[in-house]
Each structure stands twice: as structure tokens, then as C-alpha cells.
Amino acid sequence: MADLVLLTPRTPADAAVAQVAPGLVLLPHRVTVLGMDVGALVSRPGREPALVVVDAVTDLVAAHGVLRTLAALELASPVLAVVADAALGLLDDSWPLDDLVLTGAGPAEVAARVRLLLARRHTLLRPVTAGAPGPRSTAEGRDPTGGRRPRTSRRPSASRTWWWTRPAGRSGRAGRCWT
């Protein structure tokens, strides 16, 4: 059972969950309904919620502003947006959210999305242990690829598979290795 927070402009708070995401009512999670004010979420006593659900069904402009504010706060809680199917064409990478669900989604879909977001949150918050594999680093202590994967292309040979890679440096020469 997780602690969820629903940010919605709808009133009364008792009926808001059923209006925004009817499938959310049937889940065994505690849902606290707050207004679209992120300040109420931050000033809430206790710890951060396990998941923040944002109502983007009625007022897309306000929901976009709330999502951007949540992203700027860098909360550890994942953000699930509830949208109407007519708004799907407006969503792009400027909407900082972790996942979305349609307002008419059934309990099974809502439960799966919430479960995946909560599992992803626990994975991200897991402490890194000594000796565990991490990102590659150089003597300067930074990733030489700048977080990008090297360009690779597969060129089959008679008995081996060759992988051509472009090194991260400025030499521009391609190195090769085979497996």
C-alpha cells in the first residue's frame, strides 16, 4: 500500500479521484487529494509521496505548469499524468512526466502503471554499493562519451561478428573488435 497524491482542480475532494481516474479508486493505495498548488505538496508534513498523480483532463495549461514545477523541484516521486484521449496529440517531450494514463483506463491498466512506476522509483533510490558496476569514467572522473552510447554497426564475417565502433576521442579513427 503506497501513499499517492492527486493534484486536481476538481472539488469536492471525495469525488475527485473517481472523476479523474475511476480505476484508481479500486486500488489498495492511500490517495490524498490536493489542489493544483505544488506548494501544498511540498509543505505537507511527513515524507514525499510514493507517486504524484496530476489531473491533466480539464485544464491542460495548468497541468503543464504543475508538471514543469514538479520537475524543477526534482522530487524523488515519479509523476503520472491522467489525460483525455483528445489531448494525446499535444503531448511531447516538453511535458516532464514519467508515465501517462487515459482517464477512462480500467483498474488493471492503472494498477500496472502505478506498480511499474513504484518499482522504478525503488530501483532509482537503491543505494550504490562498493564494487558495483557503474558508468565508465576517465581519470578526470567523468564519462568519456558524455552519457551517449558509441555508434556501432554490425558487419558480419564468415565466422565472426565484427563490431565497428567510433571512439569517444577526437581522433575520428574507427576501432574494431570482434566477438
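Please read these numbers as outputs of a predicted model, since none were measured by experiment. (Residues numbered from 1 in each chain as written. Predicted model: local features only at pLDDT ≥ 70, side-chain atom pairs only at ≥ 80, totals over all residues. Heavy atoms only, no water.)

This brings us to the environment of His29. Note that His29 resides in the loop between α2 (22–25) and β2 (30–34). Residue classification places His29 among the partly exposed residues on the basis of a relative accessible area of 22%. If sequence neighbours within four positions are ignored, His29 has contacts with Met1, Ala2, Leu4, Val114 and Leu118. (Helix = DSSP H or I, 4+ residues; strand = E, 2+ residues; numbered from the N terminus. Buried < 20%, exposed > 50% of the residue type's maximum accessible area, 1.4 Å probe, protein only. Contact = heavy atoms within 4.5 Å.)

A cis amide bond links Thr11 to the next residue, Pro12, at an omega of -5°. Tracing the backbone shows Pro12 in the loop between β1 (3–7) and α1 (13–20). Even without being glycine, Glu74 reaches a positive phi, approximately 55°. Secondary-structure assignment places Glu74 in the loop between α4 (60–73) and β4 (79–83). On the accessibility criterion, Glu74 (69% relative accessible area) is exposed.

Considered for burial, the residues of α1 that qualify are Ala16, Val17 and Val20. Projected onto a plane normal to the axis of α1, the buried residues spread over an arc of 95° and lie on a single side. Among the structural elements, β1, α2, β2, β3 (51–56) and β4 are those in contact with the buried residues of α1. (Arc of directions from axis to C-beta.)

According to the stated counting rule, one finds 3 salt bridges in the structure shown. Here Arg10 ties to Asp55 by a salt bridge, and the two come within 3.0 Å at their closest N and O atoms. Residue Arg10 is located in the loop between β1 and α1, and its partner Asp55 is located in strand β3; the two are separated by 45 residues in the primary sequence. Between Arg113 and Asp99 there is a salt bridge; the shortest N-O distance is 3.0 Å. Highlighted residues: Arg113 in helix α5 (residues 107–125) and Asp99 in strand β5 (residues 99–102), separated in sequence by 14 residues. For Asp99, a relative accessible area of 17% corresponds to the buried category. Among the ionic contacts, a cluster of salt bridges with common partners joins Asp99, Glu109 and Arg113. (Salt bridge = Lys/Arg side-chain N within 4 Å of Asp/Glu carboxyl O.)

Here Arg121 shows up in helix α5. Exposure remark for Arg121: the relative accessible area of 15% places this residue in the buried category. Residues Arg121 and Ala50, spaced 71 residues apart in sequence, show a C-alpha to C-alpha distance of 8.0 Å. In contact with Arg121, other than residues within four places in its own chain, are Pro49, Ala50, Ala76, Ser77 and Pro78.

Scored by pLDDT, the protein comes out at a mean of 75, with 68% of its residues at no less than 70. At the level of individual helices and strands, the protein shows its lowest average pLDDT in strand β7 (residues 161–165), which scores 44, and its highest in β4, which scores 94. Taken together, the stretch residues 126–143 has pLDDT below 50 and engages in 7 contacts with residues farther than four places along the chain or on a different chain. Low pLDDT (under 50) marks residues 149–174, which in the prediction has 39 contacts with non-local residues, meaning those over four places away or in another chain. (pLDDT = per-residue confidence, 0-100.)

Turning our attention to the side chain of Asp99. Here Arg113 takes part through its side chain, which lies 3.0 Å from a polar atom of the side chain of Asp99. Look past the residues within four positions of Asp99 in its chain and what remains in contact with it is Val79, Leu80, Ala81, Arg113 and Leu117. (Polar contact = N/O pair within 3.5 Å; in protein donor to acceptor, adjacent residues only side chain to side chain.)

Counting 19 residues, the largest nonpolar core has Leu24, Leu51, Leu80, Val110 and Val114 as the members making the most contacts within it. If you list the elements that add at least two residues to this core, you get β1, α1, β3, β4 and α5. Here the element with the most residues in this core is α5; it accounts for 4 residues. Excluding anything up to four places from it in sequence, Val114 contacts Leu27, His29, Leu51 and Leu80. Counting residues in each nonpolar core, the second largest holds 18 residues, with Leu7, Met36, Leu41 and Ala63 among its members. (Core = buried A, V, L, I, M, F, W, Y, C linked by side-chain atoms within 4.5 Å.)

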